[in-house]
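Coordinates in review
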Amino acid sequence: MKPEKQVYFRTLLLTRINELLNGAEKTVAEMTDEQENFPDPNDRASLESDRNFELRIRDRERKLIAKMQEAIKRIDDGTFGVCDTCGGSISEKRLTARPVTTQCIDCKTKEEKMEKQRGE
Ligand SMILES: [Zn+2]
């Protein structure tokens, strides 16, 4: 992959990580607001379950952020855009749509087909 493409994908990944982190900050701010709106300790139970729900969402975001950070590491060590399964190169179009991918479209399609067959 050309150096300018590496810069492009690194910027893309960093932008998405920042977007996710900003979203997480907003969630924390909303949670703080809620707390002030429910001073009665009897409301604490429902507040706690709401918070668990928020934390589950944030857990998913955190995993996505971790995947993106791994993708940035792959840019650094030069394996970004290389298919984990066949060692071929992943198309730039696919990488732009899904920069955390580690498989080319052929291997991904094959894998999904096998998963479907196993499920039947
Ligand atoms: Zn492949």
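Residues numbered from 1 in each chain as written. Predicted model: local features only at pLDDT ≥ 70, side-chain atom pairs only at ≥ 80, totals over all residues.

Thoughts on the overall build of the protein
For the record, the criterion: In this text, helices come from DSSP runs of H or I with a minimum length of four residues, and strands from runs of E with a minimum of two, each type numbered from the N-terminal end. For the exposure call, what matters is how many other C-beta atoms sit within 10 Å of a residue's own: 20 or more marks it buried, 12 or fewer exposed, and in between partly exposed, using C-beta atoms placed from the backbone.
Helix and strand counts for the protein stand at 4 helices and 0 strands. When the elements of the protein are put in sequence order from the N terminus, they spell out α-α-α-α. A burial count over the protein gives 8% of its 120 residues as buried.

Digging into the nonpolar core
Operational definition: The term nonpolar core refers to a set of buried Ala, Val, Leu, Ile, Met, Phe, Trp, Tyr and Cys residues connected through C-beta atoms within 7 Å. It is the C-beta atoms, placed from the backbone, that decide contacts: two residues are in contact if theirs lie within 7 Å.
Core analysis: the biggest nonpolar cluster contains 7 residues, these being Phe9, Leu13, Ala71, Phe80, Ile90, Leu95 and Cys104. What Ala71 contacts, discounting residues up to four positions off in sequence, is Leu13, Phe80, Pro99 and Val100.

Thoughts on helix H4 (residues 105–119)
Given 3.6 residues per turn, any residue in an α-helix points the same way as the ones three and four places further on. Condition: Helix span is expected to be 1.5 Å times the residue number reduced by one.
The first and last C-alpha atoms of H4 sit 21 Å apart over 15 residues, in line with the 21 Å expected at 1.5 Å per residue. Taking burial as the measure, the 15 residues of H4 include 0 buried ones, a minor fraction of the element.

Brief notes about the confidence of the model for the protein
Defined as follows: Confidence scores per residue from the predictor, reported as pLDDT, run from 0 to 100.
Looking at the protein as a whole, its pLDDT mean stands at 86, while 82% of the residues score no less than 70. Here helix H1 (residues 3–37) stands out as the least confident element of the protein, with mean pLDDT 80; helix H3 (residues 92–97) is the most confident, with 95.

Quick look at the environment of Pro99
Structurally, Pro99 is set in the loop between H3 and H4. Note on Pro99: 22 C-beta atoms within 10 Å, which makes it buried. Along the sequence, Pro99 and Phe80 sit 19 residues apart, while their C-alpha atoms lie 9.0 Å from each other. In contact with Pro99, other than residues within four places in its own chain, are Phe9, Leu12, Leu13 and Ala71.

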